[in-house]
Each structure stands twice: as structure tokens, then as C-alpha cells.
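# A structural walkthrough
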Amino acid sequence: MADRPQPHQVQVHPQHRYDAGIKTLLPQKGPSTSQILAVIALLPLAGFLLLVAGLAFAGSALGLAVITPLFVIFSPVLVPAAIAIALAVVSFVTSGAFGVTGVSSLSFAVNSLREAAAPLLGYLQSAMDKVGKKTKDLGQGIQMQAHEGGPIRKLGY
């Protein structure tokens, strides 16, 4: 009996299984009446739009099949014409870009001059205020002397 192996103890842990799966993506109840009516109303519209898209694709493919030989036949004319049109478009876009660049450069220069001239304008304004004050004082002094009736003498300015 001593050489007989002792039984092992096995521990079983409860496992939580995730059974929700796809059920969480689907609603628990069926669709409502308004949802069913919306699908019924929009299904023909979607089919019609799909049909129009298919017809447009088929028309484009057919048109390309018919026009391709004409492109090959007239390529000596079409290639230079396409190059000329491309150059004209590039020149118009370039001239527009140069115009925008010029206007923005002028705007930048004017704003820079305004910012640089702001201290000078303040200095000129204060100088004009001083000259105006002195002129006013001188005028009042002359007026006072004129009221006194004496000769006008030099004021201390």
C-alpha cells in the first residue's frame, strides 16, 4: 500500500463564459412598424438609384469604346490642342497666383509702414500740441497787453 500513489486533488474554479456573442448586436425585440415601413419605402428608391448608376457606368464604358478610335485617329490634332489648353490654364493660374502674391506683399508693406510710423506720429502729435499750446499762450498774452492799452512788449517765450 505504501507504493500506491496518492490521489491528486483537483481544484475546479468557476468560469464565466461569454455567451452574449452576436446576440448583443441584435435587438432583443423585432423591428418596429415605422422601421419596416421605412425599409419598404426606401428599397425601391435604392434599387432605382443603383440602376441609374449602372446605366451611367455602362454609358461611360460604351462612350469610351466608341471615342477611343477617334482619339487615336485625331491624336496629331488633339495632343497639341491639349498642350495649348494646359499651358493656357497654367498661365491663368500663375498670373492669379502672382496677383495674390503682389496684393499680399503690398498689404504687408503698408502694415509695416503703419507700425513703423506709429511712434513718429505720436511724436508729431505731441510736437503739434506743444506748438498749439505756446501759440495759444502767446495769443492770450498779446490780448491781455492789448486790453491794458500799453505798448506790446516781448513776452518771455
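Before going into details, it helps to say that this report is about the structure given with it.

### What about the overall build of the protein?
Within the protein, the secondary structure is distributed over 2 helices and 0 strands. Buried residues in the protein amount to 2% of all 157 residues. When the accessible surface of the protein is totalled, it reaches about 14600 Å², and 72% of it is carbon and sulfur.

### Some points on the pattern of salt bridges
All chains considered together, the criterion is met by 1 salt bridge. Asp137 is the salt-bridge partner of Lys133, the closest N and O atoms lying 3.4 Å from each other. Of this pair, Lys133 and Asp137 both sit in helix α2 (residues 75-148), 4 residues apart, roughly one helical turn.

### Re the packing of helix α1 (residues 33-73) against α2
Where α1 contacts α2, the two axes come as close as 5 Å, and the packing angle between them is 85°. Relative to α2, the element α1 is oriented roughly perpendicular. Seen from α1, the contacting residues are Phe71, Val72 and Ile73; seen from α2, they are Ser75, Pro76 and Leu78. Partitioned by chemical class, the residues of the contact of α1 with α2 number 5 nonpolar, 1 polar and no charged.

### Quick look at a nonpolar patch on the surface
Judged by side-chain polarity, Leu62, Val66, Ile67, Leu70, Phe71, Ile73, Phe74, Val77 and Leu78 come together as a nonpolar surface patch covering roughly 850 Å² of accessible area. The set of elements that each furnish at least two residues to the nonpolar patch consists of α1 and α2. Here the element with the most residues in the nonpolar patch is α1; it accounts for 6 residues. Residue position: Phe71 is located in helix α1. Judged by relative accessible area, Phe71 falls into the partly exposed class, the value being 47%.

The rules behind the values
Residues numbered from 1 in each chain as written. Predicted model: local features only at pLDDT ≥ 70, side-chain atom pairs only at ≥ 80, totals over all residues. Heavy atoms only, no water. Helix = DSSP H or I, 4+ residues; strand = E, 2+ residues; numbered from the N terminus. Buried < 20%, exposed > 50% of the residue type's maximum accessible area, 1.4 Å probe, protein only. Areas by Shrake-Rupley, 256 points an atom, 1.4 Å probe, with all protein chains shown as cover. Salt bridge = Lys/Arg side-chain N within 4 Å of Asp/Glu carboxyl O. Axes fitted to C-alpha atoms, helices over the stretch in contact; angles between N-to-C directions. Parallel < 35°, antiparallel > 145°, perpendicular 65-115°, else oblique. Contact = heavy atoms within 4.5 Å. Nonpolar A, V, L, I, M, F, W, Y, C, P; charged D, E, K, R; others polar. Patch = residues over 30% accessible without salt bridge, like charges linked within 9 Å, V, L, I, M, F, W, Y side chains within 5 Å.

These values are about where atoms sit, not about what they do.
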